[in-house]
Amino acid sequence: MVLEWTMAAPRPVQSARLRGPTFAVDSSPMAAPTRDRSAPIRPGEELELDRLTSYLESRIPELSAGPLEVEQFPSGFSNLTYLLRAGAHQWVLRRPPFGARIATAHDMGREFRILEALAPTYGKVPRPVLFCEDETVLGAPFYIMERVEGIILRPHLEPDDAPDSATMGKIAGAFVDTLAELHRVDFAAAGLGDLGRPQGYGERQVAGWTKRWQKARIDDVPAMERTARWLADELPTASEASLVHNDFKYDNLVLAPEDPSQVIAVLDWEMATLGDPLFDLGTTLGYWVDPDDPPALRALALSPTTLPGNPQRREIAEAYARASGRDPGNAVFHYVYGLFKIAVIVQQIYARYRQGHTQDPRFAHLDRAVEACAQTALQAIDRGRIDRLFD
């Protein structure tokens, strides 16, 4: 069953920045949320500071400005992200999680190469500084990039850090604009023509995530098995090829401190490739939880999409269609795909926790998140829609 996508004429908007989306927003001054913060490093995820300093001091001259200090950005479930500070200079270091053995999902060299290609062409990425493949330094390859200071909307926001509803509506408009803009990047001109194989992308995605599920599975989850079969049976006709981010959500965007409706950087390119942009949209829809979704799904807090001022998931999909000019086809398929993919990623993290590779207490009950995603996917399949699934 195909969901009807509304391609209504745009309503008037208050800001020229909202070229594609047409959410109702207020033109009053925006209340800016707080900038992203680092924190002490979690136990078990410390870096070998002496070896790191020795390696970097001949490669980053600014390191001489002061002793190297390291903190950690505590959010995120995949690659580990650290703040490096020497005097007034700051950088960000990314490395794979401890115990990870999923090479394609934690390829530091590939992610660094993408940043190198996009920095002078697309622009909305941090400037890459250094890539190290010598595992004797930190036990795994890593790279360093400039720190882009700004606002990042993490899933759990303190009330004083959350945008007001008018600001949130403008941020949502910029969010959709940025996704459509990313899908228009001339990847060949950027030197990324060999980043992926667009032909057969959808089939490989469904087969690949199904295989990852089977490998990471610990307990039986019948809803995941049924969803995997449905996706394989319902593959739609492919859209045109584009650069796809594959993890596009609020906390992978850096917003301008003086105007949060401006996106100044897109982060976490570890899963970027060339493929069908509608699968990228599907992942984004999977992260987009509505206020009327069931408590189990809202508890995942995948992104702060339930804050007042956010549009509904269906409105995000419609806004993307307007902003991109792209016929999105079967919305249910791409939303279900997004939920299934997210469930598999969460299962991989949960499996690492169960195997003792990480002690992060956030991971202890991620099996519930897998079940919630799978049950929501079945509701979308059975109802043939992507909103109001449990009313």
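Nothing here was measured: the structure is a model prediction, and the numbers come from that model.

## Some remarks on the pattern of salt bridges
One pass over the full model with this rule turns up 19 salt bridges. Of the charged contacts in the structure, one is a salt bridge between Glu111 and Arg94, with a shortest N-O distance of 3.0 Å. One end of the pair, Glu111, is in helix α2 (residues 108-118); the other, Arg94, is in strand β3 (residues 89-95), and 17 residues separate them in sequence. Residue classification places Glu111 among the buried residues on the basis of a relative accessible area of 1%. Its salt-bridge partner being Asp251, residue Lys249 comes within 2.6 Å of it at the nearest N-O pair. Comparing Lys249 with Asp251 shows no difference in burial state: the two are buried. A network of salt bridges, in which partner residues are shared, links Arg314, Glu318, Arg385, Asp387 and Arg388.

## Remarks on the nonpolar core
Core analysis: the biggest nonpolar cluster contains 93 residues, and Leu118, Met224 and Trp269 have the highest contact counts within it. Per-element tally for this core: the top contributor is helix α10 (residues 331-354), with 15 residues. Leaving out residues up to four positions away in the same chain, Met224 has contacts with Trp213, Phe340, Ala343, Val344, Val370 and Ala374. Core analysis: the second largest hydrophobic core is formed by 20 residues, Leu52, Leu56, Tyr82 and Leu93 among them.

## Quick notes on helix α11 (residues 366-383)
Here α11 is 18 residues long and its end C-alpha atoms lie 26 Å apart, about the 26 Å a rise of 1.5 Å per residue gives. For α11, the set of buried residues is Leu366, Ala369, Val370, Ala372, Cys373, Ala374, Thr376, Ala377, Leu378, Ala380 and Ile381. Elements that come into contact with the buried residues of α11 comprise α5 (201-216), α6 (222-233), α8 (295-298) and α10. Positive backbone phi, at 65 degrees, marks Gly384, one or two positions downstream of α11.

## Some points on the packing of α10 against α11
The relative placement of two packed helices comes down to the angle between their axes together with the axis-to-axis distance. It is at 9 Å that the axes of α10 and α11 come closest, and there the two elements cross at 165 degrees. Classified by the angle their axes make, α10 and α11 are roughly antiparallel. Of the two possible hands of crossing, α10 and α11 adopt the one that is left-handed. Residues Val332, Tyr335, Val336, Leu339, Ile342, Ala343, Val346, Gln347, Ile349 and Tyr350 of α10 lie in contact with α11, whose contacting residues are Leu366, Asp367, Ala369, Val370, Cys373, Thr376, Ala377, Ala380 and Ile381. Within the contact of α10 with α11, the residues separate by chemical class into 16 nonpolar, two polar and one charged.

## Here's the deal with the packing of aromatic side chains
Counted according to the given criterion, the structure contains twelve aromatic pairs. Considering the side-chain rings of Tyr55 and Phe142, the 6.1 Å spacing of their centres and the 75 degrees angle between planes classify their relative orientation as edge-to-face. Taken together, the positions of Tyr55 in helix α1 (residues 49-56) and Phe142 in strand β5 (residues 142-146) put the pair 87 residues apart, joining distant regions of the chain. Ring pairs connect the aromatic residues Tyr201, Trp230, Phe279, Phe333 and Tyr337, which therefore count as one cluster. One cation-aromatic arrangement involves Arg59 over Tyr55; the distance from NZ or CZ to the ring centre is 3.8 Å. It is Arg95 that lies over the ring of Phe98; its NZ or CZ is 3.9 Å from the centre.

The rules behind each value
- Residues numbered from 1 in each chain as written.
- Predicted model: local features only at pLDDT ≥ 70, side-chain atom pairs only at ≥ 80, totals over all residues.
- Heavy atoms only, no water.
- Salt bridge = Lys/Arg side-chain N within 4 Å of Asp/Glu carboxyl O.
- Helix = DSSP H or I, 4+ residues; strand = E, 2+ residues; numbered from the N terminus.
- Buried < 20%, exposed > 50% of the residue type's maximum accessible area, 1.4 Å probe, protein only.
- Core = buried A, V, L, I, M, F, W, Y, C linked by side-chain atoms within 4.5 Å.
- Contact = heavy atoms within 4.5 Å.
- Expected span 1.5 Å × (residues − 1).
- Axes fitted to C-alpha atoms, helices over the stretch in contact; angles between N-to-C directions.
- Parallel < 35°, antiparallel > 145°, perpendicular 65-115°, else oblique.
- Left-handed = near helix turned anticlockwise from the far one by under 90°.
- Nonpolar A, V, L, I, M, F, W, Y, C, P; charged D, E, K, R; others polar.
- Phe/Tyr/Trp six-rings, centres within 6.5 Å; stacked < 30°, edge-to-face > 60°.
- Lys NZ or Arg CZ within 6 Å of the ring centre and 35° of its normal.

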